[in-house]
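Listed here are the chains, written in short residue letters.
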Amino acid sequence: MSDHSLPKSVDPLKYADQNKVLEGTLSVHLLPRAVDILADSNGSVAVSLKFDRDEQNLRVLKGSLDAHVALECQRCLDKVEKDIHSDFALGIVLSDEQAKHLPKHYEPLLVSEEKIDLLEVIEEELILSLPMFAYHDACDASDGSDQAESDSKAEDGEGGKRPNPFSVLSELKVKK
């Protein structure tokens, strides 16, 4: 599912001077670094990019992306589907010195050659937009302590407390 309206590489300086707008959808499997993080390579990313000059005459790339991806639930380790949305604003710079002087609301997009790989820029924004931890809604509703407590009572038979497996360590501490 790749829309050919998104070119693989662009000249961001030229596009900013021409106020170009690019929109399209691409498949997640085209983004290898993102695939390494995700649970699988299924999914798509809808992208809207606007190359422009801002009120300070800086070349900028403003965009948004919407993606539907599969991540690994950090509680049950099953696949969890998530919708990702990100709005971003990048200041197009030619050197680290220019990047230091960008207004705070822009992240630098360092351009060292005439063209940049557009898929890499999209992939980087997708990776930065992923949640640090993904959970199913059902997994997120409880922290697992309710299940652990009911399991503990079932194993004890009468609902009593189980012995602490680390109590042996306190005995070692006393012997010193």
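Just above, that's the structure.
First, a word on scope: everything that follows refers to the structure included in this document.

### Some thoughts on the nonpolar core
Core analysis: the largest hydrophobic core is formed by 34 residues, its most contacted members being Val45, Leu49, Phe51 and Leu126. For this core, the secondary-structure elements that each account for two or more residues are helix 1 (12–17), strand 2 (21–27), strand 3 (44–53), strand 4 (59–72), strand 5 (79–93) and helix 4 (118–129). Ignoring anything within four residues of it in the chain, the contact list for Phe51 reads Val10, Pro12, Tyr15, Ala16, Asn19, Lys20, Leu22, Val60, Leu61, Ile92 and Leu118.

### Digging into a nonpolar patch on the surface
Where nonpolar side chains cluster on the molecular surface, the patch consists of Phe166, Val168, Leu169 and Leu172 and spans about 420 Å² of accessible area. Mapping Leu169 onto the fold places it in helix 7 (residues 167–175).

### A look at helix 4
Taking 1.5 Å per residue, 12 residues should reach 16 Å; helix 4 reaches 17 Å between its end C-alpha atoms and fits that length. Here helix 4 has its buried residues at Leu118, Val121, Ile122, Glu123, Glu125 and Leu126. One side-chain oxygen of the residue at the start of helix 4 lies 3.0 Å from the amide nitrogen of Leu119, identifying that residue as Asp117.

The rules behind the values
- Residues numbered from 1 in each chain as written.
- Predicted model: local features only at pLDDT ≥ 70, side-chain atom pairs only at ≥ 80, totals over all residues.
- Heavy atoms only, no water.
- Core = buried A, V, L, I, M, F, W, Y, C linked by side-chain atoms within 4.5 Å.
- Buried < 20%, exposed > 50% of the residue type's maximum accessible area, 1.4 Å probe, protein only.
- Helix = DSSP H or I, 4+ residues; strand = E, 2+ residues; numbered from the N terminus.
- Contact = heavy atoms within 4.5 Å.
- Patch = residues over 30% accessible without salt bridge, like charges linked within 9 Å, V, L, I, M, F, W, Y side chains within 5 Å.
- Areas by Shrake-Rupley, 256 points an atom, 1.4 Å probe, with all protein chains shown as cover.
- Salt bridge = Lys/Arg side-chain N within 4 Å of Asp/Glu carboxyl O.
- Expected span 1.5 Å × (residues − 1).
- Polar contact = N/O pair within 3.5 Å; in protein donor to acceptor, adjacent residues only side chain to side chain.

In short, the description is geometric, and any link to function would need to be established separately.
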